[in-house]
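One-letter residues, chain by chain:
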Amino acid sequence: MRRSVRDNSEKRDYKIIIVDDDPGILDSLSSVLYRQGYSTTEITNPLEAIDRLKIEHFDLMVLDYLMSPIHGDKVVEEIRKFNTEIYILLLTGYKDLAPPLETIKKLAIQGYCEKSDRFDQFILLIESGIKSISQVRTIKKFSDGLNRILQAVPNIYQLQPIGDILEQILRELLPLLNSQNAFILVDNYADVSNESDKSIFKGIGKYSDDVSHFIDYLGHEMMEQIGNSRVNKNSISFNNGIIIPLVNEYGNSMGVIYAEVGVGEIEEGLKLLKIYCSIAASSINNAFLHSLVNEKNDELSKTYGMLRERYMDTIEALRLVVDAKDIYTRGHSDRVSYYAMKVGHFMGLPDTIVEKIRIGGLFHDVGKIGTSDDLLAKKDKLTNVEYDEIKMHTIKGAHILSAVSMFKDIVPIIRYHHERLDGTGYPEGLKADMIPLETRIISVVDAFDAMMSDRQYREKLGLETARKQLEAGAGTQFDEKVVTSFLELTKDFDTFQNEMNAFLDSKAKH
Ligand SMILES: [Fe+2]
């Protein structure tokens with residue numbers, strides 16, 4: 001939405017003064033402008049008009065040329081001594097009585113117009129005058145904002161604990177947006193324990209108390225948008241707020257700032273905001289680089305612990321909702337996680353990787369939270385559009401997990417679990433080794449569990465058929481080694497299944 005002089009309430013924002021010694025003309029001009037949505041002040045005495053301008057701000061002046069006791073050009077000459085900003089439109093009775101061009105230039109009169117019974121030209125001139133005034137206002141706002149940023153930079157760069165830097169960044173940002181409430185979520189690259197999956201949260205206004213306020217606000221859509229903004233390095237505007245990614249000078253996404261913003265404030269300020277946020281990102285980066293934040297900050301560690309816990313709870317809740325949404329896939333993510341974990345161990349992968357696969361299995365379909373229930377339950381063949389919507393669950397899920405850095409290793413599993421070795425999968429059509437091994441494991445066990453479950457459009461396939469389908473897909477859809485490992489591991493499927501059920505039951509009881 002481009003911001004322009006677009007409605008009457010905004011038109012009334014501009015103060016217009018009309019000066020003409022003929023009350024009849026004064027009256028008709030003000031009626032014409034009133035019908036256009038402008039409100040005006042009318043004055044018949046030019047000397048009085050000069051005095052009025054000394055004490056009151058006006059944006060635009062419509063001024064008659066031939067007046068008594070002084071002519072319009074004299075009025076302008078007086079006004080320009082103390083006011084160079086007001087936009088002046090001079091009205092002339094007759095063309096040959098217009099002031100010479102030299103005078104118009106010298107006095108910085110922006111336009112002149114012949115009086116006539118038709119007001120088209122007059123209205124056009126007023127509209128273009130208001131447009132210029134609006135542009136000047138925008139430029140002024142920008143230059144004020146830039147000044148503010150320049151003044152803020154030394155404060156931000158001062159050596160201080162990271163928590164203070166983040167708070168300072170938010171405090172300097174809010175006046176640019178006319179806002180009270182904001183938070184910043186940033187990856188902690190400086191953590192000495194090298195747990196770079198830690199995120200730091202700092203809020204002000206209604207988010208200042210603790211991280212719970214942030215979590216309370218955080219629906220899955222907001223999570224998805226935060227992740228989306230980070231991944232695509234784009235700002236995302238809402239009705240009442242904006243997410244801006246923090247991208248450092250190396251082009252790495254470090255986190256986001258979210259700020260609530262008044263209606264109509266975003267568009268004009270967006271460029272400023274981007275400048276400001278790039279300064280903010282590099283100052284945070286600098287703080288980390290200089291290891292200013294190495295000393296443990298108890299408050300931030302506590303905040304991180306809560307953030308991690310609450311975020312984990314939120315995603316777990318989303319997962320359970322997704323499982324419950326679709327009766328045909330109930331328990332699916334638990335089983336996929338278990339199968340995948342077992343395959344990982346069987347293939348001799350390190351524990352850290354197996355843990356990634358386990359969590360990836362749990363959350364692989366979490367993006368279906370954004371897929372409509374009707375679509376998930378549809379028995380008939382899906383249309384192309386519907387299938388495209390289903391496919392989006394990979395990207396939505398990846399965005400949900402991208403919001404905070406603690407899941408950064410899991411994101412590719414979620415994003416690519418429907419890719420196929422031959423490049424015909426989605427969302428990106430990755431081929432073979434471009435698909436991470438962890439993801440290739442999830443793809444096999446995901447497909448297996450799907451085949452072993454009833455679906456709204458077919459009954460379950462049965463063990464033998466499912467195993468054969470995996471074999472048939474090995475090398476094209478699935479990783480051959482993963483398929484072989486899985487089939488070997490589940491040779492005695494009854495025993496395997498009993499162990500799995502016992503494991504999942506015991507987990508459910510906890
Ligand atoms: Fe899926």
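The structure contained in this document is the topic of the report that follows. (Residues numbered from 1 in each chain as written. Predicted model: local features only at pLDDT ≥ 70, side-chain atom pairs only at ≥ 80, totals over all residues. Heavy atoms only, no water.)

**Here's the deal with the nonpolar core**
We apply this condition: Think of a nonpolar core as a cluster: buried Ala, Val, Leu, Ile, Met, Phe, Trp, Tyr and Cys residues, connected wherever their side-chain atoms sit within 4.5 Å. For every residue, the accessible area obtained with a 1.4 Å probe (protein chains only) is divided by the maximum for its type, and the residue is called buried under 20%, exposed over 50%, and partly exposed between those limits. Helical segments are the DSSP runs of H or I of at least four residues, strand segments are the runs of E of at least two, and each set is numbered from the N terminus. Domains are outlined according to an automatic or database domain assignment. Two residues qualify as a contact provided that any one of their heavy atoms is within 4.5 Å of a heavy atom in the partner residue.
Grouped together as the largest cluster of nonpolar side chains are 35 residues, with contacts concentrated most on Phe214, Ile226, Tyr311, Ile315 and Phe407. Counting residues per element, the ones that place at least two in this core are strand S6 (182-187), helix H8 (211-217), helix H9 (220-232), strand S10 (253-260), helix H11 (298-325), helix H13 (351-363), helix H15 (384-402) and helix H16 (411-416). Ranked by residue count, the leading element in this core is H11, at six residues. A domain-level breakdown of this core finds at least three residues from each of domain 2 (138-299) and domain 3 (305-509). Non-local contacts of Tyr311, meaning those with residues more than four positions away in its chain, are made with Ile215, Leu218, Met223, Ile400, Ala403, Val404, Met406 and Phe407. Ile162, Ala182, Leu272 and Ala281 belong to the second largest nonpolar core, which has 31 residues in total.

**Concerning the pattern of salt bridges**
Side-chain pairs of opposite charge can arise whenever the charged atoms involved come near each other. Threshold: We count a salt bridge whenever a side-chain nitrogen from Lys or Arg sits within 4 Å of a carboxyl oxygen from Asp or Glu.
The full count for this structure, using the stated rule, is 19 salt bridges. Of the charged contacts, one joins Glu78 and Lys81 as a salt bridge, the two residues approaching to 3.0 Å between their closest N and O atoms. Separated by three residues within a single helix, Glu78 and Lys81 lie in helix H4 (residues 72-82), roughly one turn from each other. Residues Arg319 and Asp334 are paired through a salt bridge, measuring 3.3 Å at the closest nitrogen-oxygen approach. Here the residue Arg319 occupies a position in helix H11, and Asp334 occupies one in helix H12 (residues 332-346), the gap between them amounting to 15 residues. There is no split in this pair, since Arg319 and Asp334 are both buried. One salt-bridge network, held together by shared partners, links Lys15, Arg52 and Glu56.

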